[in-house]
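Structural description and commentary
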Amino acid sequence: MVENLKKLRLESGLSQQQLANVVGVSQQSINKYENHGVEPDIATLIAFAKYFDTSVDYLIGITDIRRKYEVVHPYDLNLNEKEIIENYRKATRKDKQIIGLILNLK
C-alpha cells in the first residue's frame, strides 16, 4: 500500500487529477492507490518518488525518512553530515570536548 502518497499530494497542494497527469496514470488510479489499497506498479512508484523527491520506501511506509537515499562512499558526506562537521568546526573548544565525550572519542 502507498501509505504516504496522499499525505505528500495534499502537502504539495495537488489534486488527484493533477498528480495523475504528472505521472501518467488516471485520476481513478490515484484514488485507488490512496483509498482502496490498490498498489501501483514499480514504474509508477518510482515516478511518484522522483516527483516528490523521496524514496519508494517512504512512499510505501517502510521508513519515516522522507529524503532520498544518498550513495555515500567511505569518505564522502551527505548533507546532514556536512552540516554537522561545519557546526563542529564553529564550536568552542569546550563544546568540542563535550561532543567528544558523547561520541566516546579519545
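Basis of the calculations
- Residues numbered from 1 in each chain as written.
- Predicted model: local features only at pLDDT ≥ 70, side-chain atom pairs only at ≥ 80, totals over all residues.
- Heavy atoms only, no water.
- 1 Å grid on protein atoms, 1.4 Å probe; cavity = no way out; pocket = protein on both sides within 12 Å on 5 of 7 lines; lining within 4 Å.
- Points joined across faces, edges and corners; volume = space filled by probe spheres on them.
- Helix = DSSP H or I, 4+ residues; strand = E, 2+ residues; numbered from the N terminus.
- Nonpolar A, V, L, I, M, F, W, Y, C, P; charged D, E, K, R; others polar.
- Salt bridge = Lys/Arg side-chain N within 4 Å of Asp/Glu carboxyl O.
- Buried < 20%, exposed > 50% of the residue type's maximum accessible area, 1.4 Å probe, protein only.
- Phe/Tyr/Trp six-rings, centres within 6.5 Å; stacked < 30°, edge-to-face > 60°.
- Lys NZ or Arg CZ within 6 Å of the ring centre and 35° of its normal.

Here we take up the layout of surface pockets. Its boundaries defined by the atoms lining it, the largest pocket holds a volume of some 170 Å³. Around the largest pocket, the lining residues are Glu-81, Ile-84, Ile-85, Tyr-88, Ile-99, Leu-103 and Leu-105. With four residues, helix 6 (residues 79-90) is the single largest residue contributor to the lining of the largest pocket. Here the lining of the largest pocket is composed, by residue class, of six nonpolar, no polar and one charged.

Moving on, we come to the pattern of salt bridges. Counting across every chain of the model gives three salt bridges. Of the charged contacts, one joins Arg-9 and Glu-34 as a salt bridge, the two residues approaching to 2.6 Å between their closest N and O atoms. Here Arg-9 is found in helix 1 (residues 5-11), whereas its partner Glu-34 is found in helix 3 (residues 27-35), with 25 residues between them in sequence. Since its relative accessible area comes to 6%, Arg-9 is described here as buried. Lys-68 is the partner of Asp-53 in a salt bridge, and the nearest nitrogen-oxygen pair spans 3.1 Å. One end of the pair, Asp-53, is in the loop between helix 4 (42-52) and helix 5 (56-59); the other, Lys-68, is in the loop between helix 5 and helix 6, and 15 residues separate them in sequence. Judged by its relative accessible area of 46%, Asp-53 is partly exposed. For Lys-68, a relative accessible area of 43% translates into the label partly exposed.

Our focus in this paragraph is the packing of aromatic side chains. Considering all chains together, one arrives at two aromatic pairs under this definition. Geometrically, the ring pair formed by Tyr-33 and Phe-48 is edge-to-face, given 6.0 Å between the ring centres and 80° between the ring planes. Of this pair, Tyr-33 sits in helix 3 while Phe-48 sits in helix 4, and the two are 15 residues apart along the sequence. Residue Tyr-33 is classed as buried on the basis of its relative accessible area, which comes to 8%. Measuring from ring centre to ring centre gives 5.0 Å for Tyr-51 and Phe-52, while their planes differ by 85°; the resulting arrangement is edge-to-face. Judged by its relative accessible area of 38%, Tyr-51 is partly exposed. Residue classification places Phe-52 among the buried positions, given a relative accessible area of 13%. The ring of Tyr-88 has Lys-96 lying over it, and the distance from NZ or CZ to the ring centre is 5.2 Å.

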